[in-house]
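Chain by chain, the residues run as shown.
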Amino acid sequence: MFSNRKHYENLEEVMIKILRKIVVNGISPNFDRDDLIQRTIVYHTTIPSEEDRLTDEDVEEKFRTLLPDLLGQIFFTLQKVLNTYDSVKGEIKSKSRMASFLVYGEVISRSLGNEPNDYVKWLNSKTETAITEANETSPLIPYLNIQNIDDKKDKKWLIQFQDFQHKLKVFAESNNYDTTGKSLPKYPKNVRTFLQRHATILEQNNYKYEIIDKYTENTEGITKNSTVIVFFRKIIQATLGDKQ
């Protein structure tokens, strides 16, 4: 008789779902993709003074000192979260793109003693900040604004893909916008994707657009059967207060 170690087969293909935060650090990171903007939380930090700067050893020492209280607070908060998650989740009707993140954040916020909806308001404000900063780094909205679409016939502005790509680049260069990377459509064929990436920025600034792949009407400055973008303003319903 003899004994031998039992061999196990390798696992077949498995799917592991993990949700993690990704931290991007930089002086002015430029996010212009619509889905990324709506999943971004922007933190603005201040530069510490020379007296406040810490070595790695100092940070580790402070962490070790706080660790017992930190672990106690984590498990105490987790206990409250598990007890209140279902009821708080039912109260939140309007959810952001990070719906699960928003719900857990609101539950944790209440567990720490904050007022209801404090976290929801905070997260929404952070999303608005990310959209606003993306707006400021993109030449798209300033370029559309100078077209005075509201003053045009039918309140619409038509432009061919190739003209839009070229003129937007010229506008960006003349106004000192970043024109590297994917901040602008490199070729006319990239215009469609560029506009899709800027959907949230356009929405925030009351712009809409549609793309006509084969334009057949007789319009000055437009070549027949070319691909055309039609920009126009969203129709905003006036409230009773506006009418009075």
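The following paragraphs examine the structure supplied in this document. (Residues numbered from 1 in each chain as written. Predicted model: local features only at pLDDT ≥ 70, side-chain atom pairs only at ≥ 80, totals over all residues. Heavy atoms only, no water.)

**Overview of the packing of helix α2 (residues 56-91) against helix α3 (residues 99-111)**
- Put simply, α2 and α3 touch, their axes get as near as 8 Å, and they point 125 degrees apart. Taken together, the axis directions place α2 and α3 in an arrangement best described as oblique. Handedness of the crossing formed by α2 with α3: right-handed. Between α2 and α3, the residues in contact are Thr-77, Lys-80, Val-81, Thr-84, Tyr-85, Val-88, Lys-89 and Glu-91 and Val-103, Tyr-104, Glu-106, Val-107, Ile-108, Arg-110 and Ser-111, respectively.
- For the contact of α2 with α3, the per-class residue count stands at 7 nonpolar, 3 polar and 5 charged. (Axes fitted to C-alpha atoms, helices over the stretch in contact; angles between N-to-C directions. Helix = DSSP H or I, 4+ residues; strand = E, 2+ residues; numbered from the N terminus. Parallel < 35°, antiparallel > 145°, perpendicular 65-115°, else oblique. Left-handed = near helix turned anticlockwise from the far one by under 90°. Contact = heavy atoms within 4.5 Å. Nonpolar A, V, L, I, M, F, W, Y, C, P; charged D, E, K, R; others polar.)

**Structural notes on the sheet that holds strand β2 (residues 207-212)**
- Read across the sheet, 3 strands follow the order β1-β3-β2 without closing on themselves; strand pairing throughout is antiparallel. The two strands at the open ends of the sheet, each matched to only one other strand, are β1 (156-160) and β2. On average, each strand axis in the sheet is inclined to that of its neighbour by 20 degrees, with strand direction left out of account.
- Summarising the sheet, β1 and strand β3 (residues 228-233) pair through 5 bridges and their orientation is antiparallel. Paired with Trp-157 across the bridge in β3 is Phe-231.
- Seen against the sheet, helix α6 (residues 161-174) touches β1, β2 and β3 and runs at an angle of roughly 95 degrees to β1. (Pairing = 2+ DSSP bridges.)

**Points about the packing of aromatic side chains**
- Per the stated rule, a full pass over the model turns up 10 aromatic pairs.
- Ring centres 5.9 Å apart and planes at 70 degrees place the aromatic pair Tyr-143 and Trp-157 in the edge-to-face group. Linking Tyr-143 in helix α5 (residues 140-145) with Trp-157 in strand β1, this pair joins segments that are 14 residues apart in sequence. This pair shows no difference in class: Tyr-143 is buried, exactly as Trp-157 is.
- What links up through ring pairs into an aromatic cluster is the set Tyr-143, Trp-157, Phe-164, Phe-171, Tyr-177, Phe-194, Tyr-209 and Phe-231.
- The ring of Tyr-207 carries Arg-233 above its face, with NZ or CZ at 4.0 Å from the centroid. (Phe/Tyr/Trp six-rings, centres within 6.5 Å; stacked < 30°, edge-to-face > 60°. Buried < 20%, exposed > 50% of the residue type's maximum accessible area, 1.4 Å probe, protein only. Lys NZ or Arg CZ within 6 Å of the ring centre and 35° of its normal.)

All quantities given are derived from atomic positions and should not be read as evidence of function.
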